[in-house]
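Residues per chain, in single letters:
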Amino acid sequence: MTTLYLASKSPRRRELLDQIGLRHATVHAEVDETPLAGEDAAAYVERLALAKARAGLAGLGGRGLVLGADTSVVVDAEILGKPTDREHALAMLARLSGRDHRVYSAVALASAERIEARVQVSRVWMRPLGAAECEAYWTSGEPADKAGGYAIQGRAAAFIERLDGSYSGVMGLPLFETCELLRAFGREVL
Ligand SMILES: Cc1cn([C@H]2C[C@H](O)[C@@H](COP(=O)(O)OP(=O)(O)OP(=O)(O)O)O2)c(=O)[nH]c1=O
């Protein structure tokens, strides 16, 4: 059976594949994550997931089955990436406090013959957060490498009132869509 590769350095994505028993290896894929002028969130995450899958496949010399993914938090049509420092993280958390936002998560699958992507959108409601609470959250170290500066699978679970969508999508890899893609490529899952 062709080896499944995950073109990602995100430990969360590895954990999610492990959760449903999808054995995989990883491959390095570096892509430029700068949004294009006028690009909306769905187009942005889809383009990056495709680029990561394509770069991973190229790194393997064009052989294998490669998954790429990208996740962005979107508030008032603005894409929030990962915080660059403490001030940036605190500003992001203040933006998300006491309201809803959307999380766009794309997954792409590439083989030598074809490449395809799916985009999953979730709506997340966060309770109001106090300044001291945001500061303590930053100090925990959790926000640093997460889109939007929070992790649903971590301490931020205590901030989230409600989710309409996909928990795995918010965490970084929508598993339902991932399995759909794998089946579309003729790969048995579960
Ligand atoms: C919103 C949210 C994001 N995240 C993480 C998932 C992703 O790792 C990260 C979004 O950044 P991405 O740029 O999508 O991914 P990455 O740079 O971490 O990994 P790679 O490009 O190598 O695949 O935010 C969580 O872990 N939990 C959450 O609740």
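An unreviewed UniProt entry lists the chain under the name dTTP/UTP pyrophosphatase, from Plasticicumulans lactativorans. Quoted straight from UniProt, the Sequence similarities (unreviewed entry) entry for the chain says "Belongs to the Maf family. YhdE subfamily."

Undergrad: Kindly report on the overall build of the chain, identifying the contributing residues and their values.
TA: Looking only at helices and strands, the chain features six helices and seven strands. Helices (α) and strands (β) of the chain occur, in sequence order from the N terminus, as β-α-β-α-β-β-α-β-β-α-β-α-α. For a compact globule of 190 residues, the expected C-alpha radius of gyration is about 16 Å, and the chain comes in at 17 Å, within 12% of that figure. Expressed as lengths along the three principal axes of its C-alpha atoms, the size of the chain is roughly 50 × 35 × 25 Å. For the chain, the proportion of its 190 residues judged to be buried stands at 39%. Residue pairs in contact within the chain that sit at least 24 positions apart in sequence constitute 68% of those at least 6 positions apart.

Undergrad: Outline the UniProt feature "site: Important for substrate specificity" (unreviewed entry) in the chain, supporting the account with residue identities and numerical values.
TA: Mapped onto this numbering, the UniProt entry gives "site: Important for substrate specificity" (unreviewed entry) at R12, T71 and Q153. For the annotated residues, spread through 142 residues, the largest C-alpha to C-alpha distance comes to 14.3 Å, consistent with a single compact locus. In this structure, R12 is in contact with Q153, M171 and G172, ignoring residues within four places of it in sequence. Beyond its immediate chain neighbours, meaning those up to four positions away, Q153 contacts R12 and M171.

Undergrad: Got a sec to walk through the site of the ligand? Specific residues and values, please.
TA: Surveying the vicinity of the ligand reveals 23 residues, the closest of which are S8, S10, A147, I152 and G172. Elements represented by at least two residues in the shell around the ligand include exactly α1 (11-19), β3 (65-75) and α5 (167-171). The element best represented in the shell around the ligand is β3, accounting for four residues. For the shell around the ligand, the residue count by class is nine nonpolar, six polar and eight charged.

Undergrad: Tell me about helix α3 (residues 86-96), and please be specific about residues and values.
TA: The α-helix winds at 3.6 residues per turn, so residues separated by three or four positions along the chain end up facing the same way. Buried within α3 are the following residues: A89, M92, L93 and L96. Along the axis of α3, the buried positions cluster into a sector of 95°, meaning they face one direction only. Tucked inside the fold, the buried residues of α3 contact β3, β4 (78-80), β5 (100-110), β6 (115-126) and α4 (131-139). Positive backbone phi, at 70°, marks G98, one or two positions downstream of α3.

Undergrad: How would you explain the packing of α3 against α4 if you had to name every residue and give the values?
TA: Packing of α3 against α4 leaves a shortest axis separation of 10 Å and a crossing angle of 130°. It follows that α3 is oblique to α4 by the angle criterion. Judged by the sense of rotation from one axis to the other, the crossing of α3 with α4 is right-handed. Taken together, the residues of α4 that come into contact with α3 (itself represented by R86, A89, L90, L93 and A94) are C134, E135, Y137 and W138. Of the residues assigned to the contact of α3 with α4, the class counts are seven nonpolar, no polar and two charged.

Undergrad: Describe the pairing of β6, naming the residues involved and giving the relevant values.
TA: Bridging between β5 and β6 involves 11 bridges; their strand directions are antiparallel. The residue bridging D100 from the neighbouring strand is W125, located in β6. Hairpin connection, β5 to β6: the antiparallel pair is bridged by four residues. Pairing of β6 with strand β7 (residues 160-164) involves four bridges; the strand directions are antiparallel.

Undergrad: Kindly report on unusual backbone geometry, identifying the contributing residues and their values.
TA: Phi angles above zero are rare outside glycine, and D76 is one such case at about 50°. Residue classification places D76 among the exposed positions, given that 7 C-beta atoms sit within 10 Å. Positive phi, normally seen in glycine, also occurs at A77, with a value near 65°.

What counts, and at which threshold
- Residues numbered from 1 in each chain as written.
- Predicted model: local features only at pLDDT ≥ 70, side-chain atom pairs only at ≥ 80, totals over all residues.
- UniProt positions renumbered as here; feature names shortened; annotations may be inferred.
- Helix = DSSP H or I, 4+ residues; strand = E, 2+ residues; numbered from the N terminus.
- Rg over C-alpha atoms; globule rule 2.2 N^0.38 Å.
- Buried ≥ 20, exposed ≤ 12 C-beta atoms within 10 Å, placed from the backbone.
- Contact = placed C-beta atoms within 7 Å.
- Near = placed C-beta within 6 Å.
- Nonpolar A, V, L, I, M, F, W, Y, C, P; charged D, E, K, R; others polar.
- Arc of directions from axis to C-beta.
- Axes fitted to C-alpha atoms, helices over the stretch in contact; angles between N-to-C directions.
- Parallel < 35°, antiparallel > 145°, perpendicular 65-115°, else oblique.
- Left-handed = near helix turned anticlockwise from the far one by under 90°.
- Pairing = 2+ DSSP bridges.

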